[in-house]
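Structural characterization, general
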Amino acid sequence: MKGRILVTGGTGYIGSHTTVELQSAGYEVIIIDNLSNSNVEVLDGIERISGVRPEFIKGDCTDMDCLKSIFEKYPDIKGIINFAASKAVGESVDKPIMYYRNNLNTLYNLLELMPVYGVKGLVFSSSCTVYGEPDENPVTENSPIKKATSPYGNTKQIAEEVIADFIASGVPVKSTLLRYFNPVGAHPSAEIGELPNGVPNNLVPFLTQAAIGIRKELSVFGNDYDTPDGSCIRDFINVVDLAKAHVCALDRMLENPDCESLEIYNLGTGKGVSVLELINAFEKVNGVKVPYKIVGRRTGDIVKVWGDPSKANRILGWKAEISVEETMRTAWNWQLKLRERGVM
Ligand code: WQD
């Protein structure tokens, strides 16, 4: 075993896929999750893929006593990957205090406990949201940080600053900030995938639910933008590729003395794909029509953002490899599996 890793939010979309890759890389995973936006059956899916059921604690990372009990029960936790956060942009506008309290108190607790229990490294789940509407694409890690356009985005910016200040205080801890672009798709086994509670905010789960008939049709929020086909452009990165990047970052932080005390990486494919191009890719690879209509723009949407992942390619030795088409196939297979299981 390469050691114990605490994965907060580990039954969530990216957390569950990362748990599988951590196990495959030889880490022992302990998950804490309050199940506010995921369900405990995800553990079954993880076990069906890896053959190993991760230790699971139903708990909230804003509860310091709960976290302390985990570090007491599981000594020698070497690293933490922090996914636990509320993440719906629109909801954060309606409930800013809930977002600041949940996302930041979680972080404060983890940081405070790390030196106490000898935890060496923290991988933080950040977002390309910190770049706002970039002046130019692709964005690099040195692209300007723009004023957040939502409390959700602001919690990511504040978290990055808090971590930087914590590291600068000289604690024996390292941290790696991973700025995700748009995670999409599902594990090729279709045993785990994206399963948002209620009506999906994000594009791909809504798209697959429209394709299977759960939703009447997908609303495409605007086709009058200054882009080739008028729809917004994003960097859609396969969730398994993204999960593998976390293992690379953790390995580097825990094993490579060249790793700085604070490192930042963009995790994207480096390729911009429009909303309409994604729909076309989905239809082509799956042979399924997506019922959609063009509607008005969604407030707060970035028009175009895609990343330059060359720093992660070079230093982490990681590269996104799964094509958008293959990713759309996994998203559809996951939706079909949910139907087969009577989940939706
Ligand atoms: C993508 C594109 C929409 C839904 C946000 C956060 C980011 C990350 C992912 C958490 C946009 C269009 C969407 C729909 C549509 N957060 N769209 N119809 O807004 O790029 O990123 O979620 O992990 O930090 O900022 O993702 O999937 O909501 O939207 O046309 O029903 O799809 O307008 O252009 P977004 P998204």
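Here, every reference points to the structure presented above.
Residues numbered from 1 in each chain as written. Predicted model: local features only at pLDDT ≥ 70, side-chain atom pairs only at ≥ 80, totals over all residues. Heavy atoms only, no water.

**Here's the deal with the packing of aromatic side chains**
Using the criterion set out here, one finds 2 aromatic pairs in the structure. Ring geometry for F71 versus Y117: centroids 5.2 Å apart, planes at 15°, classification stacked. A residue pair is termed long-range when its members are at least 10 positions apart, and F71 in helix α3 (residues 64-73) and Y117 in the loop between α5 (96-116) and β5 (121-127) qualify at 46 residues. A centroid spacing of 5.6 Å and a plane angle of 85° characterise the contact between F282 and W332, whose relative ring orientation is edge-to-face. Of this pair, F282 sits in helix α9 (residues 275-286) while W332 sits in helix α11 (residues 324-340), and the two are 50 residues apart along the sequence. (Phe/Tyr/Trp six-rings, centres within 6.5 Å; stacked < 30°, edge-to-face > 60°. Helix = DSSP H or I, 4+ residues; strand = E, 2+ residues; numbered from the N terminus.)

**What to know about the sheet that holds strand β2 (residues 28-33)**
If you trace the 7 strands from one edge of the open sheet to the other, you get β3-β2-β1-β4-β5-β6-β11, paired in parallel fashion. Since the sheet does not close on itself, it has two edges, and those belong to β3 (55-58) and β11 (262-267), each with one partner. Each strand of the sheet is rotated relative to its neighbour by a mean of 20°, with strand direction disregarded. In the sheet, β2 pairs with β3 via 4 bridges, with the strands oriented parallel. Among the inter-strand pairings, I32 is bridged to a residue of β3, identified as I57. Helix-sheet contacts for helix α6 (residues 151-168) involve β5, β6 (174-180) and β11, and the interaxial angle to β5 is about 155°. (Pairing = 2+ DSSP bridges. Axes fitted to C-alpha atoms, helices over the stretch in contact; angles between N-to-C directions. Contact = heavy atoms within 4.5 Å.)

**Some remarks on the side chain of N109**
You can see N109 is positioned in helix α5. At 3.1 Å, the side chain of N109 forms a polar contact with the backbone oxygen of T62. Residues in contact with N109, not counting those within four places in the same chain, are C61, T62, D63, M64 and L67. (Polar contact = N/O pair within 3.5 Å; in protein donor to acceptor, adjacent residues only side chain to side chain.)

**Topic: the site of the ligand**
What surrounds the ligand is a group of 18 residues, the closest being S127, T129, S219, R234 and D301. For the ligand, an oxygen atom lies 3.0 Å from a polar atom in the side chain of N182. Within the side chain of N202, a nitrogen or oxygen atom sits 2.9 Å from an oxygen atom of the ligand. Surface burial for the ligand is 90%, taken as the share of its 690 Å² of free accessible area covered by protein chains. With 4 residues, strand β8 (residues 218-221) is the largest single contributor of residues to the shell around the ligand. When the residues that make up the shell around the ligand are grouped by side-chain class, the tally is 8 nonpolar, 6 polar and 4 charged. Counting residues domain by domain, the shell around the ligand receives three or more from each of domain 1 (3-185 + 235-267) and domain 2 (203-234 + 271-306 + 322-340). (Near = heavy atom within 4 Å. Areas by Shrake-Rupley, 256 points an atom, 1.4 Å probe, with all protein chains shown as cover. Nonpolar A, V, L, I, M, F, W, Y, C, P; charged D, E, K, R; others polar. Domains from an automatic or database assignment.)

**A few points about the pattern of salt bridges**
Considering all chains together, one arrives at 17 salt bridges under this definition. Taking the shortest distance from any N to any O, the salt bridge between R48 and E191 comes out at 2.7 Å. Here R48, found in helix α2 (residues 42-50), pairs with E191, found in the loop between β7 (182-184) and α7 (203-212); they are 143 residues apart in sequence, far enough to count as distant. Overall, the relative accessible area of 17% leaves E191 in the buried class. One network of salt bridges, with partners in common, ties together D44, E47 and R53. (Salt bridge = Lys/Arg side-chain N within 4 Å of Asp/Glu carboxyl O. Buried < 20%, exposed > 50% of the residue type's maximum accessible area, 1.4 Å probe, protein only.)

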